[in-house]
Amino acid sequence: MSVVKINVLTVPQEQRETLEKRFASRAHAVENSDGFEWFELLRPVEGTDNYLVYTRWRDEASFQAWMEGPMKAAHQGGGSGDGGERPKPAASGSTVWSFEVVQQARPVGS
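Report on the accompanying structure. (Residues numbered from 1 in each chain as written. Predicted model: local features only at pLDDT ≥ 70, side-chain atom pairs only at ≥ 80, totals over all residues. Heavy atoms only, no water.)

Right, let's talk about the nonpolar core for a bit. Core analysis: the largest hydrophobic core is formed by seven residues, namely V3, V30, F36, W57, F63, W66 and M71. With three residues, the single largest contributor to this core is helix 2 (residues 60–76). When residues no more than four places from it in sequence are discounted, the contact partners of F63 are K5 and W57. Membership of the second largest hydrophobic core comes to six residues, among which are L9, V11, Y51 and V53. (Core = buried A, V, L, I, M, F, W, Y, C linked by side-chain atoms within 4.5 Å. Buried < 20%, exposed > 50% of the residue type's maximum accessible area, 1.4 Å probe, protein only. Helix = DSSP H or I, 4+ residues; strand = E, 2+ residues; numbered from the N terminus. Contact = heavy atoms within 4.5 Å.)

This is the structure in structure tokens:
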């Protein structure tokens, strides 16, 4: 069954817009990766500064291949245009949670 990776990003209030713009600018960067199944960026509503980046993969090997290839390249490149310096991270912390999907349901008729 699939594996789920949730990247928990601690994002100060003043950096939220920056984080969301960066994700928007890389929209569609993951969809063609082998084994990719789903992505969602979840904005906190109240009581936390943690954004959740939810991805689902066919298997752990697919996730690891993406981490070592396209994801690594996306985070190592992308200078700000002034001398090639990388922009300051929008998140002040990051933790990855890993899960195996053991049960799922979908709406009837879909």
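So much for the structure itself; the text now carries on.
Here the focus is the packing of aromatic side chains. Applying the stated criterion to the full structure yields five aromatic pairs. Summarising the aromatic geometry, the rings of F23 and F39 are spaced 6.1 Å apart at their centres and angled 20° between planes, so their arrangement reads as stacked. Of the two residues, F23 is situated in helix 1 (residues 16–25) and F39 in strand 2 (residues 36–42); the sequence distance between them amounts to 16 residues. Here the aromatic rings of F36 and W57 are separated by 5.5 Å at their centres, their planes lie at 75°, and the arrangement is edge-to-face. Here W57 lies in strand 3 (residues 50–57) and F36 lies in strand 2, a separation of 21 residues in the sequence. (Phe/Tyr/Trp six-rings, centres within 6.5 Å; stacked < 30°, edge-to-face > 60°.)

Here we come to the environment of E60. As for its position among the elements, E60 is in helix 2. Accessibility expressed as a relative area gives 32% for E60, which makes it partly exposed. Residues E60 and E100, 40 residues apart in the sequence, show an inter-C-alpha distance of 9.2 Å. In this structure E60 touches V3 and K5, once residues within four positions along its chain are discounted.

A large share of strand 1 (residues 3–10) lies buried, amounting to six of its eight residues. Here eight bridges tie strand 1 to strand 3, and the two strands are oriented antiparallel to one another. Considered in strand 3, the bridge of V8 is made with L52. (Pairing = 2+ DSSP bridges.)

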